[in-house]
Amino acid sequence: MEEPHRRIRAVHTESTITVYQAYAPGIGLPAVRDGRFPAGWKRDRMTWVKPSFLWMMYRCGSGTKAGQESVLAVEITRDGFEWALRHACLSSYVRGVHPDRVTWQRQLKRAPARIQWDPERDLRLNPLPYRSLQLGLSGEAVRRYADEWTVAIRDVTPLAREIHALVSGGNLDAATRLLPRERPYPYSAAPELPAEPSP
């Protein structure tokens with residue numbers, strides 16, 4: 001089945017969706033231990049969450065990049081995730097989606113969430129011809145994410161490293177079997193998701 005140009009792919013249940021982030025161990029380890037982000041986690045800046053595990057692997061170098069050694073799976077409520085989508089603005093101006101650049105800039109400044117569509121990645125972390133969601137949270141959205149939406153935080157660093165080792169060794173079948181089972185997220189059932197037009 002051919003993939004649509006843009007789609008949210010995620011591990012999700014009836015009530016939750018899993019997103020990924022990577023942090024230095026000083027943030028990641030206490031977050032996993034306590035099931036919530038520690039005091040050192042900055043609430044006053046934008047934080048980006050990624051429903052795609054392979055996009056997170058690409059972004060953090062499979063947990064090898066400095067400051068991104070702890071790869072976290074953060075299970076949040078679908079209600080919270082969809083609140084963020086409803087209150088989001090596209091991170092870049094798109095002619096035909098926004099009336100004009102000034103209107104987009106005004107919306108972007110007000111919005112507590114940003115939507116960015118980035119190329120999905122294959123097992124070798126090469127870009128694919130279709131895109132997955134990155135969701136930026138700031139202001140009210142960051143506070144809700146940390147204090148209301150987060151259900152559980154798991155350390156998936158060992159998984160990231162094991163998959164990376166298998167891929168490096170050429171064992172793609174074994175690596176594929178370990179990947180989280182992501183499915184299309186049925187956001188069409190939620191309020192309309194802002195989306196860029198297909199190229």
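Keep in mind that what you see is a predicted model, and the values were worked out from it rather than measured. (Residues numbered from 1 in each chain as written. Predicted model: local features only at pLDDT ≥ 70, side-chain atom pairs only at ≥ 80, totals over all residues. Heavy atoms only, no water.)

Caption draft 1: Main features of the packing of aromatic side chains. By the definition in use, this model includes nine aromatic pairs. Judged by centre distance (6.0 Å) and plane angle (65°), the rings of Y23 and F37 are edge-to-face. With Y23 in strand β2 (residues 16-23) and F37 in the loop between α1 (25-34) and β3 (47-49), this pair connects stretches of sequence that are 14 residues apart. As far as the burial class goes, Y23 and F37 line up, both buried. Centre to centre, the rings of F81 and Y185 are 5.3 Å apart; their planes meet at 80°, and the pair counts as edge-to-face. Pair noted here: F81 is in helix α3 (residues 78-86) and Y185 is in the segment after β9 (183-184), with a separation of 104 residues, a long-range link. Accessibility assignment for this pair places F81 and Y185 in one class, buried. (Phe/Tyr/Trp six-rings, centres within 6.5 Å; stacked < 30°, edge-to-face > 60°. Helix = DSSP H or I, 4+ residues; strand = E, 2+ residues; numbered from the N terminus. Buried < 20%, exposed > 50% of the residue type's maximum accessible area, 1.4 Å probe, protein only.)

Caption draft 2: Quick look at unusual backbone geometry. A positive phi angle is found at S62, which is not glycine, with a value near 55°. Here S62 is to be found in the loop between α2 (53-60) and β4 (70-77). For L125, which is not glycine, the phi torsion reads 70° and is therefore positive. Tracing the chain through its elements places L125 in the loop between β6 (113-121) and β7 (127-137).

Caption draft 3: Highlighting the confidence of the model for the protein chain. Mean pLDDT over the protein chain: 90, with 93% of residues reaching 70 or higher. Confidence over residues 194-199 falls short of pLDDT 50; this stretch has 21 contacts with residues more than four positions distant or in other chains. (pLDDT = per-residue confidence, 0-100. Contact = heavy atoms within 4.5 Å.)

Caption draft 4: Focus on α2. The element α2 is largely enclosed, with a buried count of six among its eight residues. Looking only at α2, the buried set comprises F53, L54, W55, M56, M57 and C60. One or two steps after α2, the chain reaches G61, where phi turns positive at roughly 60°.

Caption draft 5: Seen up close, the sheet that holds β4. Here we have three strands laid out as an open sheet, ordered β2-β4-β8, and antiparallel in their pairing. In this open sheet, the two strands that pair with only one neighbour each are β2 and β8 (150-155). The average angle at which neighbouring strand axes cross in this sheet is 25°, direction not considered. In this sheet, β4 lies alongside β2 in antiparallel orientation, the contact comprising eight bridges. (Pairing = 2+ DSSP bridges. Axes fitted to C-alpha atoms, helices over the stretch in contact; angles between N-to-C directions.)

Caption draft 6: Broad picture of the pairing of β4. Most of β4 is tucked away, with six of its eight residues classed as buried. Judged from the five bridges that link them, β4 and β8 form a sheet pairing that is antiparallel. Bridge pairing links L72 to D155 in β8.

Caption draft 7: Molecular detail of the pairing of β6. Across three bridges, the pairing between strand β5 (residues 88-90) and β6 is parallel. Pairing of L90 across the sheet is with I115, part of β6. Pairing geometry for β6 and β7, over eight bridges, is antiparallel. Each bridged residue has a counterpart across the sheet, and for Q116 the counterpart in β7 is Q134. Between β6 and β7, which pair antiparallel one after the other, the connecting turn spans five residues, and L125 there sits at a positive phi close to 70°.

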